[in-house]
Amino acid sequence: MIKLKSILTEELAQTEFVPVKLDWKFKDYEPAFDAETMKLHYDKHYKGYIDKLNKAIKEENIPVMFNQGQMTAAKVMLSGVTQYSNSVRNNGGGFYNHTIWFNQLNPDDKGKIEEGSDIDVMIKEQFGTLEKFKVEFKDKATSNFGSGWTWLLYDKGQLRIVNTANQDNPYMDVVNEPGQILMGIDLWEHAYYLKYKNDRAKYVDAFFKLLCWKSVGKRLDRTTNI
């Protein structure tokens, strides 16, 4: 009974959105991403979105259920985002997208994908090789006009690469892009301009040197087991 009470207390303890904790120091992401950009991205932009989201939720008296985790809570909220303010849309997307962003970067893995893993097999079956997939993903990302995101989605047995603007993502009811998010790249200039200036293509190449394919594979597993 004590253990059950403890679990229930933990589930009910969260009352607002919080940033994901990083397992690395900002300098550990170098040379692909410079420490200054990572620090600004995490401490200023990401946390800024979260603070504004929590403020908007209180002001608009939006019920948020954290019992299944904050990402599930955010996904539910974003699925009906048209009923809320632009502040919830922009900052809710900012929270969700950036939580995926920081969770999928792993300086230790250095962008290595496990040969024969489900995601490896699916990419090769659909795109031919991992390199061909990266080229197609980069082409999509560099064609995204202005600020936004490029996503890899899983939808009905297929992988799809799609763009969204600003802090929108495919789970919002204002975005007509079906599928489950496997990974995404931040295309706002705050993510890369200090190091790469306007060379978005080089930034995308650097992203693949930090991408944790194990994280992508876990999302794929959860999606295909629904």
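Described below are features of the structure shown in this document. (Residues numbered from 1 in each chain as written. Predicted model: local features only at pLDDT ≥ 70, side-chain atom pairs only at ≥ 80, totals over all residues. Heavy atoms only, no water.)

### Things to note about the overall build of the protein
Next, step 1: Each helix and strand counted, the protein has 9 helices and 3 strands in total.
Next, step 2: Counting from the amino terminus, the protein carries its helices and strands in the arrangement α-α-α-α-α-α-β-β-β-α-α-α.
Next, step 3: Computed over C-alpha atoms, the radius of gyration of the protein comes to 18 Å, within 12% of the 17 Å expected from 2.2 N^0.38 for 226 residues, which places it in the range of a compact globule.
Next, step 4: Each principal axis of the C-alpha atoms in the protein carries an extent, and together these give about 50 × 40 × 35 Å.
Next, step 5: Residue burial in the protein is summarised as follows: out of 226 residues, 48% are buried.
Next, step 6: Taking the contacts inside the protein whose residues are at least 6 apart along the sequence as the reference set, 69% of them involve residues at least 24 apart.
Next, step 7: A total of about 12,100 Å² of accessible surface is found on the protein, and carbon and sulfur atoms cover 50% of it.
Next, step 8: For the protein, the separation between the mean place of its 31 positive charges and that of its 31 negative charges on side chains is 3 Å. (Helix = DSSP H or I, 4+ residues; strand = E, 2+ residues; numbered from the N terminus. Rg over C-alpha atoms; globule rule 2.2 N^0.38 Å. Buried < 20%, exposed > 50% of the residue type's maximum accessible area, 1.4 Å probe, protein only. Contact = heavy atoms within 4.5 Å. Areas by Shrake-Rupley, 256 points an atom, 1.4 Å probe, with all protein chains shown as cover. Lys, Arg positive; Asp, Glu negative; His and termini not counted. Charge placed at Lys NZ, Arg CZ, Asp CG, Glu CD.)

### As for the side chain of R200
Next, step 1: Looking at the element boundaries, R200 is found in helix α8 (residues 200-207).
Next, step 2: Discounting residues that sit within four places of it in the chain, R200 has contacts with A141, T142, N144, G146, L187 and Y192.

### What to know about unusual backbone geometry
Next, step 1: Here the residue pair E30 and P31 is connected by a cis peptide bond, since its omega of 5 degrees sits within 30 degrees of zero.
Next, step 2: Locating P31 in the fold gives a position in the loop between α1 (2-13) and α2 (35-59).
Next, step 3: In the Ramachandran plot, K197 falls in the positive-phi region, its phi being about 50 degrees despite a non-glycine side chain.
Next, step 4: Looking at the element boundaries, K197 is found in the loop between α7 (193-196) and α8.

### A word on the packing of aromatic side chains
Next, step 1: Summed over all chains, the structure comprises 24 aromatic pairs.
Next, step 2: Ring geometry for Y42 and F102: centres 5.2 Å apart, planes at 85 degrees, overall edge-to-face. Linking Y42 in helix α2 with F102 in helix α4 (residues 86-103), this pair joins segments that are 60 residues apart in sequence.
Next, step 3: Assessed through its relative accessible area of 9%, Y42 is described here as buried.
Next, step 4: Ring geometry for F208 and W213: centres 6.5 Å apart, planes at 15 degrees, overall stacked. In terms of burial, F208 and W213 fall into one category: buried.
Next, step 5: Over the face of the ring belonging to Y171 we find K75, whose NZ or CZ atom lies 4.2 Å from the ring centre.
Next, step 6: The cationic tip of K195 hangs over the ring face of Y196; the distance from NZ or CZ to the ring centre is 5.6 Å. (Phe/Tyr/Trp six-rings, centres within 6.5 Å; stacked < 30°, edge-to-face > 60°. Lys NZ or Arg CZ within 6 Å of the ring centre and 35° of its normal.)

### Some details on the sheet that holds strand β1 (residues 148-155)
Next, step 1: Read from one edge to the other, the open sheet built from 3 strands follows the order β2-β1-β3, with strand pairing classed as antiparallel. Strand pairing shows two members of the sheet lacking a second neighbour, β2 (158-165) and β3 (180-186), which therefore form its edges. Averaged over all pairs of adjacent strands, the angle between their axes in this sheet comes to 25 degrees, without regard to strand direction.
Next, step 2: Of the pairings in the sheet, the one linking β1 to β2 comprises 8 bridges and is antiparallel in character. Bridging from a neighbouring strand, L152 pairs with I161 of β2.
Next, step 3: Relative to the sheet, α4 contacts β1 and β3, its axis offset from that of β3 by approximately 85 degrees. (Pairing = 2+ DSSP bridges. Axes fitted to C-alpha atoms, helices over the stretch in contact; angles between N-to-C directions.)

### Concerning the packing of α2 against α4
Next, step 1: Running from N to C, α2 and α4 point in directions that differ by 140 degrees, and their axes come no closer than 8 Å. In terms of axis orientation, α2 runs oblique to α4. Where α2 crosses over α4, the handedness of that crossing is left-handed. Two secondary-structure elements touch here, α2 through M38, H41, Y42, Y46, Y49, I50, K52, L53 and A56 and α4 through S87, V88, N90, N91, G92, G94, F95, H98, T99, W101 and F102.
Next, step 2: For the contact of α2 with α4, the residue count by class is 11 nonpolar, 8 polar and 1 charged. (Parallel < 35°, antiparallel > 145°, perpendicular 65-115°, else oblique. Left-handed = near helix turned anticlockwise from the far one by under 90°. Nonpolar A, V, L, I, M, F, W, Y, C, P; charged D, E, K, R; others polar.)

Nothing here speaks to function; it is geometry throughout.
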